[in-house]
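# Reading the structure
Here is what each chain is made of, one letter per residue.
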Amino acid sequence: MTDRRLLLVHAHPDDESIVTGATMAKYAAEGAAVTLVTCTLGEEGEVIPPELAHLAADQQGGLGKHRIAELERACVAMGVRDHRFLGGPGRYRDSGMMGAASNDHPDCFWRADVESAAHELAIIIREVAPHVIVTYDDNGGYGHPDHIQAHRVTLRAFAKAAERSLPGSPWRTNKLYAVSQPRSVLEESVARLRVSPGPFTAPEQFTDIAPGVPDAVVTTRIDASPFWAAKTLAMRAHATQISVAGDRFALSNGIAQEISAVEYFTLLRGQMTKPGPSGFETDLFA
């Protein structure tokens, strides 16, 4: 077992590549054990390529099955060898965007019992024994119900893994992070995108994409610039969900975003290390 173990909990296939792809590739290349847990198959995703549009209409779960293969290719691009679906593939269904009728599907992740799902995740945590866990903040980054639920489940599992009531040896993870995007960084990106959106639509304002968070709450900056290409390849693997052109990408809304290999996080649990010259912690394992 390696001396650095990282576990990431994401809601859907493609989330891992978009917001943590460079970080995952960096630590995997450095020899850390990187485990990805995905909570749903992303069955409610909007399909971008016209030639794959039939997948979204497949009532037999065609899109979810297709996205499993996309995720496998993305993991190869990032050098991630350990991937699991929470509860097994298809255990929890994609809930769709907040307020959608799919929020009421009895099997959707949004309606899952947090304690039960956290139990399943805590078992994985005990097996992997990660030093660091990464998930979302309490708003799920941008209010998606599955992201919010991933936050709730991960926080509970973080505590449950240390309890003696579960089978196996209790494990206490050192640090728990949420993915973050400083608002100032996002605003600077949007300003560049207004001038050069590539083949996509320029954002009118930063709320056209993800709203970001106040700079003051961001604790950690991971510069994984040497792994920009690995992140981009991982994003390209999710062809149903992401269009990539040069150093720009867009989701189904067609709004341009920059592909960045500098990724930000907020420490939720654990001890903060001394910030570097930039004012940020620069290593999740520090």
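The structure presented is a predicted model; accordingly, all values stated were derived computationally and were not measured. (Residues numbered from 1 in each chain as written. Predicted model: local features only at pLDDT ≥ 70, side-chain atom pairs only at ≥ 80, totals over all residues. Heavy atoms only, no water.)

## Structural notes on the UniProt feature "binding site: Zn(2+)" (unreviewed entry) in the chain
Under the UniProt annotation, the feature "binding site: Zn(2+)" (unreviewed entry) is placed at His12, Asp15 and His147. The greatest C-alpha distance among the annotated residues, which extend across 136 residues, is 9.6 Å, indicating that they converge on a single site. With respect to the helices, strands and loops of the structure, Asp15 is situated in helix 1 (residues 15-29). The contacts of Asp15, once residues within four sequence positions are left out, are His10, Thr20, Tyr136 and His147. Within the structure, Asp15 has its side chain in polar contact with the backbone nitrogen of His12 (distance 2.8 Å). Residue position: His147 is located in helix 4 (residues 145-160). Looking at His147, the relative accessible area reads 3%, which means it is buried. Leaving out residues up to four positions away in the same chain, His147 has contacts with Ala11, His12, Asp15, Tyr136, Gly140 and Tyr142. (UniProt positions renumbered as here; feature names shortened; annotations may be inferred. Helix = DSSP H or I, 4+ residues; strand = E, 2+ residues; numbered from the N terminus. Contact = heavy atoms within 4.5 Å. Polar contact = N/O pair within 3.5 Å; in protein donor to acceptor, adjacent residues only side chain to side chain. Buried < 20%, exposed > 50% of the residue type's maximum accessible area, 1.4 Å probe, protein only.)

## Remarks on the sheet that holds strand 7 (residues 243-245)
If you walk across this open sheet you meet the 3 strands as 7-8-9, and the pairing is antiparallel. Strands with a single pairing partner mark the edges of an open sheet, and in this sheet they are strand 7 and strand 9 (257-258). (Pairing = 2+ DSSP bridges.)

## Structural notes on the sheet that holds strand 1 (residues 5-10)
The strand order across the open sheet built from 7 strands is 3-2-1-4-5-10-6, with neighbouring strands paired in mixed fashion. In the strand order of this sheet, the two ends are held by strand 3 (82-85) and strand 6 (220-223), each with one partner. For this sheet, the mean inter-axis angle between neighbouring strands, taken without regard to orientation, is 25°. As paired elements, strand 1 and strand 4 (residues 132-135) share 3 bridges and run parallel to each other. Looking at the pairing, Leu6 lines up with Val132 of strand 4. Its contacts with the sheet place helix 2 (residues 62-78) against strand 2 (33-38) and strand 3, and it is angled at close to 155° to strand 3. Sheet strands in contact with helix 3 (residues 114-128) are strand 1, strand 2, strand 3 and strand 4, and its direction is about 160° off that of strand 1. (Axes fitted to C-alpha atoms, helices over the stretch in contact; angles between N-to-C directions.)

## Considerations on the side chain of Lys175
Take Lys175: it is sitting in strand 5 (residues 175-180). Within the structure, the side chain of Lys175 is placed 2.7 Å from the side chain of Tyr177, a separation counted as a polar contact. Here the side chain of Lys175 touches Glu281 through a polar contact of 2.7 Å, side chain to side chain.

## Re the nonpolar core
The nonpolar side chains of a soluble globular protein tend to be buried with one another. Ranked by size, the top nonpolar core spans 28 residues in total, and within it Leu6, Tyr27, Val34, Val134 and Leu284 carry the most contacts. Counting only elements with at least two residues in this core, the list comes to strand 1, helix 1, strand 2, helix 2, strand 4, strand 5, helix 6 (228-237) and strand 10 (262-269). Core analysis: the second largest hydrophobic core is formed by 25 residues, Ala11, Val37, Leu121 and Phe158 among them. (Core = buried A, V, L, I, M, F, W, Y, C linked by side-chain atoms within 4.5 Å.)

## A short note on the packing of helix 1 against helix 2
Relative to each other, helix 1 and helix 2 sit at 40°, their axes nearing to 8 Å. Looking at the two axes, helix 1 sits oblique to helix 2. Judged by residue contacts, Glu16, Ser17, Gly21, Met24, Ala25 and Ala28 of helix 1 engage Leu71, Ala74 and Met78 from helix 2. Residues that form the contact of helix 1 with helix 2 fall into these classes: 6 nonpolar, 2 polar and 1 charged. (Parallel < 35°, antiparallel > 145°, perpendicular 65-115°, else oblique. Nonpolar A, V, L, I, M, F, W, Y, C, P; charged D, E, K, R; others polar.)

## Quick word on the side chain of Thr38
Assignment of secondary structure puts Thr38 in strand 2. The exposure class of Thr38 is buried, given its relative accessible area of 0%. A polar side-chain atom of Thr38 sits 2.9 Å from a polar atom in the side chain of His83. With near-sequence residues (within four places) excluded, Thr38 lies in contact with His10, Ala11, His12, Pro13, Leu71, His83, Arg84, Phe85 and Leu86.

## Considerations on the packing of aromatic side chains
A complete count under the given rule lists 4 aromatic pairs for this structure. With a centroid separation of 6.4 Å and an interplanar angle of 70°, the aromatic rings of Tyr177 and Phe265 are classed as edge-to-face. Here the residue Tyr177 occupies a position in strand 5, and Phe265 occupies one in strand 10, the gap between them amounting to 88 residues. Tyr177 sits in the buried class, given a relative accessible area of 0%. The exposure class assigned to Phe265 is buried, which follows from its relative accessible area of 0%. Here the guanidinium or amino end of Lys26 rests over the ring plane of Tyr27, the centre of that ring lying 4.4 Å away. (Phe/Tyr/Trp six-rings, centres within 6.5 Å; stacked < 30°, edge-to-face > 60°. Lys NZ or Arg CZ within 6 Å of the ring centre and 35° of its normal.)

## Focus: the packing of helix 3 against helix 4
Interhelical geometry of helix 3 versus helix 4 gives an angle of 55° and a closest axis separation of 8 Å. As summarised for this structure, helix 3 and helix 4 are arranged oblique, according to the angle between their axes. As for how helix 3 packs across helix 4, the hand of that crossing is right-handed. Residues Val114, Glu115, Ala117, Ala118, His119, Leu121, Ala122, Ile125 and Arg126 of helix 3 form the contact with helix 4, whose participating residues are Gln149, Arg152, Val153, Thr154, Arg156, Ala157, Phe158 and Lys160. Looking at the contact of helix 3 with helix 4 residue by residue, the classes come out as 9 nonpolar, 3 polar and 5 charged. (Left-handed = near helix turned anticlockwise from the far one by under 90°.)

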